[in-house]
Amino acid sequence: MTRDDALLSVRDLALDYGNGRGVRDVSFRLWPGEVLGIVGESGSGKTTLLKLLGGQLAPDAGTIHYRMAGGDMVDLNDLSEARRRHLGRTELAFVHQNPRDGLRLAVTAGGNVGERLMADGARHYGRIRAAALDWLERVEIEAGRVDDRPTTFSGGMQQRLQIARNLVSGPRLVLMDEPTGGLDVSVQARLLDLLRGLVADLGLTVVIVTHDLGVARLLAHRLMVMQGGRVIESGLTDQVLDDPREPYTQLLVSSVLAA
Amino acid sequence: MSGTEGYNFAYLDEQTKRMIRRAILKAVAVPGYQVPFASREMPLPYGWGTGGIQVTASVLGADDTLKVIDQGADDTTNAVSIRRFFARTAGVATTTRTAEATVIQTRHRVPETPLTGDQILVYQVPIPEPLRWLEPREAETRALHALGDYGVMQVELYEDIAIHGKIKRSYDYPVEVADRYMMSPSPIPKFDNPKLSDCPALQLFGAGREKRIYAIPPHTPVRSLDFEDHPFDIDHPGTPCALCGDTESFLDEIVTDDKGGRMFVCSDTDHCAERQAEAGHDA
Amino acid sequence: MYVAVKGGEAAIDAAHDWLAEERRGDPAIPEVTPDQIAEQLGLAVDRVMAEASLYDRDLAALALKQAQGDVIEAVFLLRAYRTTLPRFGASMPVDTAAMRIDRRISATFKDLPGGQVLGPTYDYTHRLLDFALAADGEAPEAPTAEPLDPAMPRVLDLLADEGLMERETPPADESGPVPDLTREPLTYPAGRPLRLQGLARGDEGFVLSLGYSTQRGYGRNHPFAGEIRQGAVSVEVDVPELGFAVDIGDLVVTECQSVNQFKGDAERPAQFTRGYGLVFGRGERKAMAMALVDRALRAEELGEAIQGPAQDEEFVLSHADNVEASGFVQHLKLPHYVDFQAELQLVRALRAARRDENREAAE
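Residues numbered from 1 in each chain as written. Chains lettered and ligands numbered in written order. Predicted model: local features only at pLDDT ≥ 70, side-chain atom pairs only at ≥ 80, totals over all residues. Heavy atoms only, no water.

## Brief notes about the overall build of chain B
Right, on to step 1. Of regular secondary structure, chain B possesses 7 helices and 12 strands.
Right, on to step 2. Here chain B has a C-alpha radius of gyration of 19 Å; the compact-globule value for 283 residues is 19 Å, and the two agree.
Right, on to step 3. Buried positions account for 60% of the 283 residues belonging to chain B.
Right, on to step 4. On chain B, roughly 10500 Å² of surface is accessible, and the fraction owed to carbon and sulfur atoms is 51%.
Right, on to step 5. Side-chain charges in chain B split into 29 positive and 42 negative, and the spacing between the mean points of these groups amounts to 7 Å. (Helix = DSSP H or I, 4+ residues; strand = E, 2+ residues; numbered from the N terminus. Rg over C-alpha atoms; globule rule 2.2 N^0.38 Å. Buried < 20%, exposed > 50% of the residue type's maximum accessible area, 1.4 Å probe, protein only. Areas by Shrake-Rupley, 256 points an atom, 1.4 Å probe, with all protein chains shown as cover. Lys, Arg positive; Asp, Glu negative; His and termini not counted. Charge placed at Lys NZ, Arg CZ, Asp CG, Glu CD.)

Structure follows, in structure tokens:
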């Protein structure tokens, strides 16, 4: 692929929280179909970076260029509120670590999955419901639960529902913040399996933040290692994990650091 | 209130009326959009029609004939009270006949008699924001309107069908005005919703406590929200009015005894009386 | 045969006559006069003036008489009158540093220039019913003290001179007129001037409970009662034709300034911050509660965590007004036949649908 095909092109991104934390000098590109993992200790700036990409935080400096479905390259921070919200419910998706942050808990599973379709103008109940049922099946939630509220679901099911709710609109870029965090090990494995299948089947473009190098190895094509708000090392996943260049990454990989 | 010496025509001072008329003009220019206005403290309680009263006071002229209804009836106590307020402060003619009125202030009903281009219908509105129950914050609901971001309401309707098999709203059923703004029609029964669309009369909505005015200009399309495969429909108890025999008007249920006895009569008392008078002449 | 109910008009007239009779009570008992109310129920008059935003003791006393002592009803009467009054202009800000003090208390310094002045307070009365008041006892004459020190600087100004207390900064743009809550629609964020207006006329019970909630952890902000002062202030109006301000009369007001902690942040060093309360008349409870809520509402400005309803501007200002609240709560007693009928039809239809489903399932 050529450099110009990038879906996302981030340059010199910076945000200073005023207490020495934040992110600095982050630049990278992301191509369609790629899964980029961001790893590092807690406090290294990886979730901040994801929130900058998702528009939940505004940077102090730098640009985030995104290639729209029509081919135009736009700086996400220059978009009007209206266009940004529209992108946020169609082309972009954000999977929160805590599914309760990404679901409407008072709304049924079907309503949760259908929301992005309705927000984008879908007005045929039968088709919205069919799409919801299809997506529940894809994330391995029984069709019989379609009219139940997420509060009656287990943590793993809530997370799968959140993923369905995000993917139903066919987003071109999916941002995930520790999607397997907070789940039991066996539940994690099942979710990871599911995610890997979806990424492969749908050719999703993903930026995934994780402290779990196992998750990173299974899902990510490329990795960026963050420390103190900077990207200190990046490369193909196997290369970074099996042959780390930076001492910090070596410590991370050898699990000396509690990531 | 005793005596109104020292008060201006229709109570409000002319400067306030001009302010309200400017808000009304803006509301007419942007159908369905809620225009903030500096609602005054009226001598009637908030929630009892202060918004409608201010709008009526601002559009009323000395030659107008005013009709006031509450629940479709001219002689419910609050309708009587508001009619007397204007009879006293503006000295205008009042009527109970829909066809004779030039300004009709209403709470919770649209008259059964079709309105004309020479009439203004003023609705009293308790909660003007159709998204209020889904999003309590004014700052956020204004953003949702500005962006036309109405998915959350559609989800609400989806939930009704999924759980109850049909849309569960029976009154204050949200509408979309002129293909743009989502609007609360005020707590009229959804039975009345179709009358809002393409209506020849100017329809003005006043919310005093919430300080908002909005409007539907004459002949504006108004669509009740629904799904293509679950279209909006109206319920009717299926019985005729026990007094005038009308099978198509909205009916009040009157409990006649404590053994389940009940009868249905027109909620629009003028409509019902007219029909009874006609039947009387015929007989 | 059923006949539609008529006669709302006659019923209303009769109700008003009955009400007038109730208001008068037993004619054998002398009728109370507004003068007596203004003189002897002064704190009720103060509260009505404060929440009606109209300083007129005679009219407030009349409103109390007309409302049979129902304070919210009296506030409503006075406001409905106020709304019809012409606006001649805005006065200059009153100078509470030049207040002619009746009472002045600081909880932060034992002694200070001008001293502590207890004044006419209920604070240390033992709440024992005084049966002498039921008989026609004459009040004992209060002793007259030496005149107070005319220089009584505000406690928070003393702290500010040392740099320990934030200075009140006037709004960046002072060119425009003072915003008036009763003349312009409230939009959010409202900003502090409108917030203070809303709190000053807000319901005492509501503001009191919100202030209380901040003390119990719903938006804690470590307050000290820096100073409470009560007394008369002059109201001056600038007359451009004369080229100077003219004193048009006095108001009795109560002012409370709280001293609150602020740890400082990246840009600002640690400093005390203030909450401000000012109400017409002797309304100390209200002024103190107002200061607590004013400070709580500054949470966002000061970068504090928002944890309680008292810190939420839209929540506080939308619900503080008792005339609005009273009207909307009580509008529920107006007829809702039509909406209820629509609901009845719906519930019946849903129940019928469920019955049919169950029958099909059983077959």
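## Description of the sheet that holds strand β7 (residues 173-177) of chain A
All names here are of chain A.
Right, on to step 1. Across the sheet, 6 strands lie side by side as β6-β7-β8-β3-β9-β10; this open sheet has mixed pairing. One side of each edge strand has no neighbouring strand; the edge strands of this open sheet are β6 (92-95) and β10 (230-236). Along the sheet, successive strands turn relative to each other by an average axial angle of 15°, direction set aside.
Right, on to step 2. Relative to β10, strand β9 (residues 222-227) runs antiparallel, the two sharing 6 bridges. When the bridges of β10 are listed, V225 appears paired with E233. (Pairing = 2+ DSSP bridges. Axes fitted to C-alpha atoms, helices over the stretch in contact; angles between N-to-C directions.)

## Let's talk about the pattern of salt bridges
Residues and elements named next belong to chain C.
Right, on to step 1. Evaluated as defined, the whole model comprises 67 salt bridges over all chains.
Right, on to step 2. Ionic pairing is found between D294 and R192, a salt bridge with its closest N-O pair at 2.7 Å. With D294 in helix α9 (residues 284-296) and R192 in helix α7 (residues 192-201), this pair connects stretches of sequence that are 102 residues apart.
Right, on to step 3. Since its relative accessible area comes to 0%, D294 is described here as buried.
Right, on to step 4. R192 gets classed as buried once you look at its relative accessible area, which sits at 17%.
Right, on to step 5. Salt bridges linked by common partners bring R47, E51, D203, E204 and R285 together as one network. (Salt bridge = Lys/Arg side-chain N within 4 Å of Asp/Glu carboxyl O.)

## Describing the state of the cysteines
All names here are of chain B.
Right, on to step 1. The full count for this structure, using the stated rule, is 0 disulfides over all chains.
Right, on to step 2. Not part of a disulfide, C244 finds its nearest cysteine sulfur in C266, a span of 3.5 Å.
Right, on to step 3. Taking the relative accessible area as the measure of exposure, C244 reaches 14% and is therefore buried. (Disulfide = S-S within 2.5 Å.)

## Re the side chain of T180 of chain A
Residues and elements named next belong to chain A.
Right, on to step 1. As for its placement among the helices and strands, T180 is situated in the loop between β7 and α7 (185-202).
Right, on to step 2. Exposure remark for T180: the relative accessible area of 3% places this residue in the buried category.
Right, on to step 3. Residues within four places of T180 in sequence aside, it is in contact with Q188, L191, L192 and V215. (Contact = heavy atoms within 4.5 Å.)

## Overview of the interface of chain C and chain B
Right, on to step 1. Taken residue by residue, the interface counts 45 residues in chain C and 60 residues in chain B.
Right, on to step 2. Summing both sides of the interface, chain C and chain B together bury roughly 4500 Å²; the carbon and sulfur share of this comes to 60%.
Right, on to step 3. For the pair chain C and chain B, the number of links is 7 salt bridges.
Right, on to step 4. Its salt-bridge partner being R79 of chain C, residue E41 of chain B comes within 2.8 Å of it at the nearest N-O pair.
Right, on to step 5. Put simply, chain C and chain B have 17 residue pairs in polar contact (both at pLDDT 80 or more) between them.
Right, on to step 6. Counting residues per element, the ones that place at least two in the side of chain C that touches chain B are α1 (8-24), α5 (71-82), α11 (322-330) and α12 (337-362) of chain C.
Right, on to step 7. The leading source of residues in the side of chain C that touches chain B is α12 of chain C, at 12 residues.
Right, on to step 8. Taken together, the residues that form the side of chain C that touches chain B break down as 20 nonpolar, 11 polar and 14 charged. (Buried area = accessible area lost by both parts, 1.4 Å probe. Polar contact = N/O pair within 3.5 Å; in protein donor to acceptor, adjacent residues only side chain to side chain. Nonpolar A, V, L, I, M, F, W, Y, C, P; charged D, E, K, R; others polar.)

## Quick notes on helix α3 (residues 42-52) of chain C
All names here are of chain C.
Right, on to step 1. Counting buried residues along α3, 8 of its 11 residues qualify, which places the element largely inside the surrounding structure.
Right, on to step 2. Those residues of α3 that sit buried are G42, V45, D46, V48, M49, A50, E51 and A52.
Right, on to step 3. Directly after α3, the chain includes S53, whose backbone phi takes a positive value near 55°.

## Things to note about the nonpolar core
Right, on to step 1. Grouped together as the largest cluster of nonpolar side chains are 65 residues, with contacts concentrated most on V113, W135, L161, V174 and V206 of chain A together with Y158 and F227 of chain B.
Right, on to step 2. Broken down by element, this core gets its largest block of residues, 7 residues, from helix α5 (residues 151-164) of chain B.
Right, on to step 3. Sequence-distant contacts of V206 of chain A, defined by excluding residues within four places in its chain, comprise L30, E34, V35, L36, V174, M176 and V199 of chain A.
Right, on to step 4. Among the nonpolar cores identified, the runner-up in size contains 33 residues, and L12, F37, A57 and F85 of chain B belong to it. (Core = buried A, V, L, I, M, F, W, Y, C linked by side-chain atoms within 4.5 Å.)

## As for the domain arrangement of chain B
Residue and element names in this part refer to chain B.
Right, on to step 1. Segmentation of chain B into domains returns domain 1 (14-224) and domain 2 (236-283).
Right, on to step 2. The straight-line distance from the C-alpha centre of domain 1 to that of domain 2 is 26 Å.
Right, on to step 3. Taken together, the 14 residues of domain 1 in the interface contact 10 residues of domain 2.
Right, on to step 4. Linking domain 1 with domain 2 are 1 salt bridge.
Right, on to step 5. Across the pair E274 and R97 runs a salt bridge whose closest N-O atoms are separated by 2.6 Å.
Right, on to step 6. Grouping the constituent residues of the side of domain 1 that touches domain 2 by class yields 4 nonpolar, 5 polar and 5 charged. (Domains from an automatic or database assignment.)

## Observations concerning the environment of P130 of chain B
Residues and elements named next belong to chain B.
Right, on to step 1. The topology assignment puts P130 in the loop between β5 (120-124) and α4 (138-147).
Right, on to step 2. Looking at P130, the relative accessible area reads 7%, which means it is buried.
Right, on to step 3. Apart from the residues within four sequence positions on either side, P130 is in contact with Q34, H145, M153, M182, M183 and S184.

## Considerations on the pairing of strand β11 (residues 251-255) of chain B
In summary, the side chains of a regular strand alternate between the two faces of the sheet.
All names here are of chain B.
Right, on to step 1. The buried fraction of β11 is high, at 4 of 5 residues.
Right, on to step 2. Where β11 and strand β12 (residues 262-266) come together, 5 bridges link them in antiparallel fashion. Bridging from a neighbouring strand, I254 pairs with M263 of β12.
Right, on to step 3. Between the end of β11 and the start of β12, which pair antiparallel, lie 6 residues, with G260 showing a positive phi angle near 90°.

## Topic: the sheet that holds strand β3 (residues 93-94) of chain B
The strands making up a sheet associate through backbone hydrogen bonding, with each pair oriented either parallel or antiparallel.
All names here are of chain B.
Right, on to step 1. In spatial order, the strands read β1-β9-β8-β5-β4-β2-β3; together these 7 strands make up an open sheet with mixed pairing. The strands lining the two open edges of the sheet, one partner per strand, are β1 (35-36) and β3.
Right, on to step 2. Bridge count for strand β2 (residues 65-70) against strand β4 (residues 103-107) is 5 bridges, and the pairing is parallel. Looking across to β4, one finds that K67 is bridged to I104.
Right, on to step 3. Strand contacts of helix α3 (residues 77-89): β2, β3, β4 and β5, with the helix running at about 160° to β2, the strand carrying the most contacts.

## Looking at α4 of chain B
Since one α-helical turn is 3.6 residues long, residues separated by three or four positions face the same way.
Right, on to step 1. All of the buried residues in α4 of chain B are E138, T141, L144 and H145 of chain B. For α4 of chain B, the arc enclosing every buried residue in end-on projection is 120°, short of the 170-degree limit, so these residues lie on one face.
Right, on to step 2. Structurally, α4 of chain B contributes buried residues whose contacts are with α2 (81-89) of chain A, β7 (181-183) and β9 (212-216) of chain B together with α10 (313-319) of chain C.
Right, on to step 3. In the stretch just after α4 of chain B, G148 of chain B is the one whose phi turns positive, near 60°. (Arc of directions from axis to C-beta.)

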